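Chains, contacts and geometry: an overview
As a plain string of letters, each chain reads:
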Amino acid sequence: MAFGPLWDDKLSMDGYGVFMTSDSITRLTFRRPDDWHVHLRDGAVLTGVVPYTARQFGRAIVMPNLPDPISTVDAARAYRDRIVAAVPEGLNFTPLMTAYLTDGTDPDEVARGAAEGVFTAAKLYPAHATTGSAHGVTEVANIRSVLERMEVIGLPLLVHGEVTDTGVDIFDREAVFIEQVLAPLVRDLPGLKVVFEHITTAEAAAFVTGSGPNVAATITPQHLHINRNAMFAGGIRPHMYCLPVAKREKHRQALRKAATSGSPKFFLGTDSAPHAVGAKEAACGCAGIFNAPFALESYVTVFEEEGALDKFEGFASLHGSAFYGLPVNEATVTLEKNVILVPAQIDANGTPIVPFHAGEELGWRYLG
Ligand code: DOR
Ligand code: ZN
């Protein structure tokens, strides 16, 4: 990515560029990005939400936490086919599948899925940590042989990093997980590639920064935009609730610093997690924020606010593929400075969902 004046020839050597007027950047053209963490669900909703992700991203790491978790190669292959069938004509989008790890996962099944090009990674949900994690892992020791095999074959482990002990304050569960689970895991299996997913704390950002090159992290748009006050602004705000839950302002600031630092250890992962309005606005509302429709517009706003537009392409389009050992996308996309209004609600093939930034204006428009 390079800079060049709007009215002049592109100055960038490779055809990409950030285009500037004398005092502000008006267009950003960069390699097509990828979403390294997304929930696409299944059935009718899948058909409703896939187009949003496929429109903005070349590839996406698809979470396996369906009601019947994706834990076998056959299930992942069939799910991948259903996703591909929901991609609108003319969009070039590749879903990358993940294996849902359980206490009983067979290392051979994971290795076979990797060898056959079905599994791009495997996901560790501590049991009962979040939505769709009831079949998750009760003790990391129970999947030790799977992790050792993944270390050997180079299959990344994606981690939902929260302890599940309800005696631990919900705002501390990520930091405690680092101490109790992640640090020992990284120490014992130094060759294992680990993505600390959707980090929410200064402690997580520091842990990733201080670890070797096999440890990276994804960061969501919501954790860059909101702190925990957003959930309680004038009343309870279920559409601001996700897991791990947003933390204090100092943590949001640390995440913004990490995302815009240019470090290849941090990359884009929306954690877009659609739930029907009624499942969010309920006595016990579901965790998850649906940010896919305006994901790039949301992220780029943060990079602009931080004066780091030159770091956006790395975060969105380069660091993730480098970590996963995949080629970067050849195509480019463009964002233009322009006001857009995010709708209050989106109809996802019959399911009403409130998107992140509902009713707000954003200062960028995605042109494709
Ligand atoms: O907020 C979340 N929603 N966090 C997760 O870890 C899961 C996700 C979902 O599947 O809804
Ligand atoms: Zn997730």
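Relevant structure appears above.
The structure reproduced in this document is the subject of the present report. What you see is a predicted model; the values in this text were computed from it and never measured. (Residues numbered from 1 in each chain as written. Chains lettered and ligands numbered in written order. Predicted model: local features only at pLDDT ≥ 70, side-chain atom pairs only at ≥ 80, totals over all residues. Heavy atoms only, no water.)

Once rolled over the atoms, a probe with the size of a water molecule shows which space is left empty. Put simply, the largest pocket is a space of about 450 Å³. Thr138, Glu139, Val140, Gln180 and Val181 are the residues nearest the centre of the largest pocket, which is lined by 21 residues in total. In terms of residue count, helix α5 (residues 173-188) provides more of the lining of the largest pocket than any other element does, 7 residues in total. Its residues placed into classes, the lining of the largest pocket shows 13 nonpolar, 3 polar and 5 charged. (1 Å grid on protein atoms, 1.4 Å probe; cavity = no way out; pocket = protein on both sides within 12 Å on 5 of 7 lines; lining within 4 Å. Points joined across faces, edges and corners; volume = space filled by probe spheres on them. Helix = DSSP H or I, 4+ residues; strand = E, 2+ residues; numbered from the N terminus. Nonpolar A, V, L, I, M, F, W, Y, C, P; charged D, E, K, R; others polar.)

Next up on the list: the side chain of asparagine 329. Among the structural elements, asparagine 329 can be located in the loop between α11 (312-324) and β12 (332-341). With relative accessibility at 13%, the residue asparagine 329 sits in the buried group. Excluding residues within four positions of it along the chain, asparagine 329 makes contact with Arg31, Arg32, Pro33, Asp34, Gly58 and Arg59. (Buried < 20%, exposed > 50% of the residue type's maximum accessible area, 1.4 Å probe, protein only. Contact = heavy atoms within 4.5 Å.)

A word on the site of ligand 1. Taken together, 13 residues lie around ligand 1, and Arg41, Asn65, Thr130, Leu243 and His275 are the ones closest in. A distance of 3.3 Å separates an oxygen atom of ligand 1 from a polar atom in the side chain of histidine 39. Histidine 275 is positioned with one of its side-chain polar atoms (N or O) 2.8 Å from an oxygen atom of ligand 1. Within the complex, the protein chains bury 100% of what would otherwise be the 290 Å² of accessible surface of ligand 1. Taken atom by atom, the bulk of ligand 1 overlaps the largest cavity. Broken down by class, the residue content of the shell around ligand 1 amounts to 4 nonpolar, 7 polar and 2 charged. (Near = heavy atom within 4 Å. Polar contact = N/O pair within 3.5 Å; in protein donor to acceptor, adjacent residues only side chain to side chain. Areas by Shrake-Rupley, 256 points an atom, 1.4 Å probe, with all protein chains shown as cover. Sits in = over half its atoms within 2 Å of the grid points.)

Direction vectors running N to C along α5 and helix α6 (residues 202-210) enclose 15°, while the axes themselves pass 10 Å from each other. What the angle tells us is that α5 and α6 run roughly parallel. Read as a crossing pair, α5 and α6 show a hand that is right-handed. Contact residues: α5 offers Glu174, Ala175, Ile178, Leu182, Ala183 and Val186, while α6 offers Glu203, Ala204 and Phe207. Classifying every residue of the contact of α5 with α6 gives 7 nonpolar, no polar and 2 charged. (Axes fitted to C-alpha atoms, helices over the stretch in contact; angles between N-to-C directions. Parallel < 35°, antiparallel > 145°, perpendicular 65-115°, else oblique. Left-handed = near helix turned anticlockwise from the far one by under 90°.)

Another point: the pairing of strand β7 (residues 119-124). Extensive coverage of β7 is indicated by the burial of 6 of its 6 residues. For the crossover from strand β6 (residues 94-100) across helix α3 (residues 107-115) to β7, the handedness is right-handed. Chirality of the crossover, the property in question, places the unit of β7, helix α4 (residues 144-153) and strand β8 (residues 157-159) among those that are right-handed. (Right-handed = clockwise from strand over helix to strand, strands pointing away.)

Using the criterion set out here, one finds 2 cavities of 30 Å³ or more in the structure. By volume, the largest cavity amounts to about 130 Å³. What lines the largest cavity is a set of 17 residues, among which His39, Thr130, Leu243, Asp271 and Ala273 lie closest to the centre. Residue composition of the lining of the largest cavity, by class: 5 nonpolar, 9 polar and 3 charged.

Glancing now at unusual backbone geometry. For the bond running from leucine 243 to proline 244, omega is -5°, close enough to zero to count as cis. Tracing the backbone shows proline 244 in the loop between α7 (221-225) and α8 (249-259). With a phi angle near 50°, asparagine 349 is a residue other than glycine that sits in the positive phi range. Looking at the element boundaries, asparagine 349 is found in the loop between β13 (346-348) and β14 (351-353). A relative accessible area of 42% places asparagine 349 in the partly exposed class.

Pairing is parallel across the open sheet formed by 8 strands, whose spatial order is β4-β5-β6-β7-β8-β9-β10-β11. Whereas interior strands pair on both sides, the edge strands pair on one side only; in this sheet they are β4 (35-38) and β11 (266-268). Ignoring strand direction, the axes of neighbouring strands in this sheet form an average angle of 30°. Where strand β10 (residues 215-219) and β11 come together, 3 bridges link them in parallel fashion. When the sheet's bridge partners are listed, isoleucine 219 is paired in β11 with leucine 268. Packing against the sheet, α5 makes contact with β8, β9 (194-196) and β10, and its axis sits at approximately 175° to β9. (Pairing = 2+ DSSP bridges.)

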